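Chain by chain, the residues:
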Amino acid sequence: MTQYGGSESQIAFPYVSEDVGVLVPRVEDLLRRVCHEEPSSVADGENAVNLQAPLSFPDGIGVGAVKAELFRYRDGIRLDIQIGHNRMFAKRNGEPSSRRCFFNDYVASVTVSSGKEEIPQNFVRKVVSGVAAARDAVKRHNRQSRGVWDEVKVAAQD
C-alpha cells in the first residue's frame, strides 16, 4: 500500500492501493472534462474509490451527476462510469410521471491491467462523447421531432 497524493481533489483518505490510486487523478481529469466541475472522491476501503461530479442539463430541469467507481477487479482495475439523475418523463400537467427519462442515461466500463497508469484513450473519447450525447438527448430529440405531439417533456422527481 502506498500513500496517494498529487491530486487537486478533496480526497478524504490517506491511503489506497497503488494500482487503484495511480488512476484516480486520470478519472478526476475525465470527470472535470465531461462535467466542467470539480469532482469529489471517497475511498471505499483500500481497493476502491468512488468519484462523482455534478452534471447540468441544457434545459435546467433536474439534477444529475457523473459517477465513477474505480476498483480492483480480478487481475486488473475496473472503471465503471454512469450518469445518475432525477429526470422523469412528464405528464400532460407537467408533473413527473413514474417513468425515468432513459434518454439521459449512460453507462460505460473498462478494465485495465494492474500497474497501468493511464485509462485507454478510446475509452476516454467514448465517455466524453457518450456523456455529452446523454446530457443533450432530450433537446436533440425535440429538435428532430415532427411536431409538438412528438416532443418529450421532462420533470424533476422530488
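The structure we're discussing is the one just above.
How each quantity is defined
For every chain, the first residue of its written sequence is number 1, and the numbers climb from 1 along that sequence. Thresholds applied to this predicted model are a pLDDT of at least 70 for local features of residues and 80 or more for the giving and counting of side-chain atom pairs; totals over whole chains, interfaces and linings are not thresholded and use all residues. Water and hydrogen atoms were dropped before computing side-chain values, which therefore reflect all heavy atoms in the structure. A pair is scored as a salt bridge if a Lys or Arg side-chain nitrogen falls within 4 Å of a carboxyl oxygen belonging to Asp or Glu. Each helix corresponds to a stretch of at least 4 residues labelled H or I by DSSP, and each strand to a stretch of at least 2 residues labelled E; elements are numbered beginning at the N terminus. Exposure categories follow from relative accessible area, calculated using a 1.4 Å probe and restricted to protein chains: below 20% of the type maximum is buried, above 50% is exposed, and the middle band is partly exposed. Axis lines are fitted through C-alpha atoms, for helices just across the contact stretch, and the angle between N-to-C directions can take any value from 0 to 180 degrees. In this scheme the crossing of two helices becomes right-handed for a clockwise turn of the near helix relative to the far one and left-handed for an anticlockwise turn of less than a right angle. By the convention used here, residues are in contact when the closest approach between their heavy atoms is within 4.5 Å. In the scheme used here, Gly and all other residues not listed as nonpolar or charged are polar, with Ala, Val, Leu, Ile, Met, Phe, Trp, Tyr, Cys and Pro taken as nonpolar and Asp, Glu, Lys and Arg as charged.

### Brief notes about the pattern of salt bridges
- Applying the stated criterion across every chain, the model contains ten salt bridges.
- Across the pair Glu 118 and Arg 26 runs a salt bridge, and its minimum N-O distance is 3.2 Å. Here Glu 118, found in the loop between β9 (107-113) and α3 (121-135), pairs with Arg 26, found in helix α2 (residues 24-35); they are 92 residues apart in sequence, far enough to count as distant.
- According to the relative accessible area criterion, Arg 26 is partly exposed, its value standing at 26%.
- Put simply, Asp 59 and Arg 87 hold a salt bridge, and the shortest N to O gap is 2.7 Å. Here Asp 59, found in the loop between β4 (48-55) and β5 (64-73), pairs with Arg 87, found in strand β7 (residues 87-90); they are 28 residues apart in sequence, far enough to count as distant.
- Relative accessible area serves as the criterion here: at 37%, Asp 59 is assigned to the partly exposed category.
- According to the relative accessible area criterion, Arg 87 is buried, its value standing at 1%.

### With respect to the packing of α2 against α3
- Relative to each other, α2 and α3 sit at 35 degrees, their axes nearing to 10 Å. Between α2 and α3 lies a crossing of right-handed hand. Here Leu 30, Arg 33 and Val 34 of α2 lie close against α3, whose contacting residues are Val 124, Val 127, Val 128, Val 131 and Arg 135.
- Here the residues of the contact of α2 with α3 sort into six nonpolar, no polar and two charged.

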